[in-house]
Amino acid sequence: MSFSQLHAQQRILSTGFIPSNNKGNIRSFLEDINHRSNVIIEYSTSVIDTGKLIALQGNPSNLGALLQQVLKGQRIRVLERNNKLIIAPAPTPLPDDALLAWFSVFGFVKDESSGEPLTEATIWDPVHKLGAYSNQHGYFTISLPEGKQTLQFSYAGYSANLIIVPDLQQDIRKDIKLQPLPPIEEVVISGGQRQKKEGADKVNAEDYNNVLGEPDVLRSLYQLPGVKNVADIPNGILVRGGNPGENLFLLDGNPVFNPMHLLGSLPIVNKTALKSMYLYKSNFPSRFGGGLSSVMDVNTKDGNMKKWKGEINAGVLAGSFTIEGPVKKDKTSMMLSFRHTWVNPFLRLIQRGVNLNFYDLQFKATHLLGKKDKIMVNVYAGDDNLALNENNINNRHQWGNKNMAITWNRVLGPKAFVNTSVNYSSYSNIAGFKYSLYDSSGVMVQNKVYNIFSSIKQYNLRSMVEFTPSNKWRMNMGGKISYTDIKPFTRNVTQDFIDDPEEFSTFPTLSFREYVLFCESDIRVNKRLSVRPGIHFSHYRYSNFSFNSWQPRFYAAYRLDAHQQLSVAWSQMAQYLHQVTNPYMGVNSDAWVPATGKLKPEQSRMINVGYLYQNKKLGTFSAEFYYKKLLNVTNYIEGKNLFLNNSSWEQSVQTGKGWSYGSELMFFRKSPRWTAQVSYTLSWNWRQFRSVNKGVKFPFKYDRRHDLSMAASYLVGKRWNLAALWTFATGDVFTLPSSVYPDFDDAQQIKDPMAPDEYRLIYQNTTAKLYRTPAYHRLDVSAGFHHLLNKKLPAKMILGIYNVYGAPSQYVYDLEGTLGRRSLVVTTRYQFFSVTPYVSYNISF
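**Student:** Can you lay out the packing of helix α2 (residues 26-36) against helix α3 (residues 63-70) for me, pointing to particular residues and giving the numbers?
**Tutor:** Interhelical geometry of α2 versus α3 gives an angle of 160° and a closest axis separation of 10 Å. Judged by the inter-axis angle, α2 sits roughly antiparallel to α3. Here α2 and α3 pass one another in a crossing that is left-handed. Between α2 and α3, the residues in contact are I26, F29, L30 and I33 and L63, L66, L67 and V70, respectively.

Put into structure tokens, the structure is as follows:
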């Protein structure tokens, strides 16, 4: 039956009608309808037992409720044709609710103590075996037949709430409040009895998720198979063979171009402000676009609508506080979170030549305009400063994000919800590298500082409608308009480091526009099978270059039994931002450049097959196998330097192909005292460029064949918990040139070695020999002590050791100039933290 036919049938069945008698045979009731209503019912005595006597229960007030009682137990089905009802034979009896009018129960699920919307709360009808889940804003809708109905609302760590609707005769709104369980009674409700949500990984913070006592909400993400953390690059997240620039990080729907502090060691998200976080790497819903490798969807709390609360944390790395509460109770709330590092005195004790600072500031205000509308304003600002000065290294780096979003939620009706946002996101990066020039005898003759500046600003207008035609069908559709300004590389050669963007030479801004439309349907075919087909279309325009991208997406999950599930996904993605990194400018020398007619948009095609086993007693085991092909990935052309030749920057970058494939295994088990997780990845990652390695494909820099993570925590008594995390990864791949020298040209009057603007660097490779760094592994341990300062002041002290046996960090490459030998390559091994004990203290109020 089509949707239009179903709608017409339900319209007819909801027609008001009061029968002449409460008792009679089936024929008398059907003829009563034909004579006294505007509806015609066609039937055959060979199909139904028209002489069967019926005594009505209650007072049915419409045709559907009446016919449901009259035709109960008959092996028939009712069809609508040309505004008539036709009773046709069927192999099974008429279902108990087949002819009843259906109405929607909708609203929001919230925390009773704070008013915070609860994401993914479960709504369950135990009588009809129907269920639904709240979205990230707490909104839910479920369709139920008319009459008395029972609904159960539940959420992990909260008391379940059972409500009864005495007589459902129209769409009604029910805002549900759930009471948090006391910490001593809190239980974790396993998600093992339902299909994995959209194929995404929900990231939860556990006891072993901290860096030197500073809460790290992304540490659980790093423990997922296929996700790698590289602590010596600015955006230290690598997913399934992609580079860091292929990850889309969304903070309340707003893109963040570098979501990390301390060169990838610590995320910008403060744990106390976090509400939910999902990682999409196996499949991509159609509403997402712009990240070939992963989408990290992070949402923060709205702020407490009931009372003022806060949290203070002091550790080795930084101090932070979060405060939230009502400006006007149950109407307006705010949340303010701030964090600042004070690690430098500690660093001087264990590591000379390193000076670093960072801060985070996040503010969120939420205002309820009424029962249907909510406005949220979210502001984030963060900045990092890093100085490395030891032996051959003398670098300065400063980078930061500024983000702002205004979001409007509106309930359009019992089946529709809309979310609209206006976003601004910016990222800037200043890097300075001091190099020394020596004469043939080795005496230094001059110091120069090569400073570079890059920035990106993006403006987005986005709207999405969530429409739920039935319990088995949910749709998301919407669009986005974005405008992006890029200053990928401006430079200045000075005697000393500079940090003012106004002092850099000007370079024309690179701007582009993108227009997006998307639609996806989440369809529950039956109790075992659900599918999610979708399409993402984008139109891109940069200068005179335009590009249209149709990106089909598909995801299907089939439940074998109560514990096992199979899934398959196909994703096609496009990305218009290329992230390029100068391999000879030290750390944090990234720049973003747009797709052009020469540098085509990056694209990927991926197929993923997964298996999931979940059991409350035995734990959760998952296995996934994937194959991904990448098109138009970027790499530097030998002999080119983006930052020295910015007027012809497209000539310095080349595009090629990439492949990534492998398997990912994970086991997770949680008991009242133990939590354990083991993740293993076996993968191959390749790249191919026409002018590299003679056009033969070669391993990608982060081609780590084996990646293993093991984490465990144990609750000792009621106050202590112990935690340990061990990670292992095979080494990265790298290639070193045999020599690097300036290209002097007498014919072009390029003779002055003190003026690097006047020449380019030549990187000489005798052979394409690939090297691997040693395998990286590290053990972290910690112990937490939970206690009460008084009845209303819970506190927690964390003692731990980071890098227990002093494992070395990865390699960092830098340059040193020597005029006599004209050699500019030096390789250094650097380590921010060796064996590092730490302590932190947290107070909630």
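From this point on, the discussion continues.
**Student:** Could you give an account of the nonpolar core, naming the residues involved and the relevant values?
**Tutor:** Residues I456, Y540 and L577 are the most contacted members of the largest nonpolar core, which totals 29 residues. For this core, the elements supplying multiple residues, two or more each, are β28 (354-368), β29 (373-390), β34 (510-524), β35 (529-542), β36 (545-559) and β52 (793-802). Look past the residues within four positions of L577 in its chain and what remains in contact with it is F257, I456, I486, F512, W592, V593 and E602.

**Student:** Help me get a handle on the pattern of salt bridges, residues and values and all.
**Tutor:** A complete count under the given rule lists 18 salt bridges for this structure. A salt bridge links K281 to E664; its shortest N-O distance comes to 2.7 Å. Remark: E664 occurs in strand β42 (residues 653-670) and K281 occurs in the loop between β23 (274-280) and β24 (294-300); sequence separation between them is 383 residues. For K281, a relative accessible area of 2% translates into the label buried. For E664, a relative accessible area of 2% translates into the label buried. Between D703 and R705 there is a salt bridge, and its shortest N-O distance comes to 3.0 Å. For D703, a relative accessible area of 2% puts it in the buried group. Overlapping salt bridges, with partners in common, bring together R240, K281, E624 and E664 in one network.

**Student:** Lay out the sheet that holds strand β10 (residues 147-154) in plain terms, naming residues and giving numbers.
**Tutor:** The strand order across the open sheet built from four strands is β8-β7-β10-β11, with neighbouring strands paired in antiparallel fashion. Looking at the sheet topology across the chains shown, the edges are occupied by β8 (130-133) and β11 (161-168). Averaged over neighbouring strand pairs, the angle between their axes works out to 20° when direction is ignored. Two strands pair when backbone bridges link them, and β10 and β11 are joined in this way by six bridges, in the antiparallel orientation. Within β11, the residue paired with G147 across the bridge is L168.

**Student:** Give me the lowdown on the sheet that holds β23, citing residues and values where you can.
**Tutor:** Within the open sheet, the five strands sit side by side as β14-β23-β24-β19-β20. Their pairing is mixed. Of all the strands in the sheet, the pair left with one neighbour each is β14 (201-202) and β20 (254-256). Here three bridges tie strand β19 (residues 247-251) to β20, and the two strands are oriented antiparallel to one another. Paired with F249 across the bridge in β20 is V256.

**Student:** Explain the confidence of the model for the chain to me, and be specific about the residues and the numbers.
**Tutor:** Here the chain shows a mean pLDDT of 81. Residues at 70 or above account for 79%. Within the chain, the lowest mean pLDDT, 43, falls on strand β54 (residues 826-829), and the highest, 96, falls on β35. In the predicted structure, residues 184-195 sits below a pLDDT of 50 and forms 29 contacts with residues beyond four places in sequence or in another chain. With pLDDT under 50 throughout, residues 811-830 is counted as low confidence; its partners more than four residues away or in other chains account for 73 contacts.

The rules behind each value
- Residues numbered from 1 in each chain as written.
- Predicted model: local features only at pLDDT ≥ 70, side-chain atom pairs only at ≥ 80, totals over all residues.
- Heavy atoms only, no water.
- Axes fitted to C-alpha atoms, helices over the stretch in contact; angles between N-to-C directions.
- Helix = DSSP H or I, 4+ residues; strand = E, 2+ residues; numbered from the N terminus.
- Parallel < 35°, antiparallel > 145°, perpendicular 65-115°, else oblique.
- Left-handed = near helix turned anticlockwise from the far one by under 90°.
- Contact = heavy atoms within 4.5 Å.
- Core = buried A, V, L, I, M, F, W, Y, C linked by side-chain atoms within 4.5 Å.
- Buried < 20%, exposed > 50% of the residue type's maximum accessible area, 1.4 Å probe, protein only.
- Salt bridge = Lys/Arg side-chain N within 4 Å of Asp/Glu carboxyl O.
- Pairing = 2+ DSSP bridges.
- pLDDT = per-residue confidence, 0-100.

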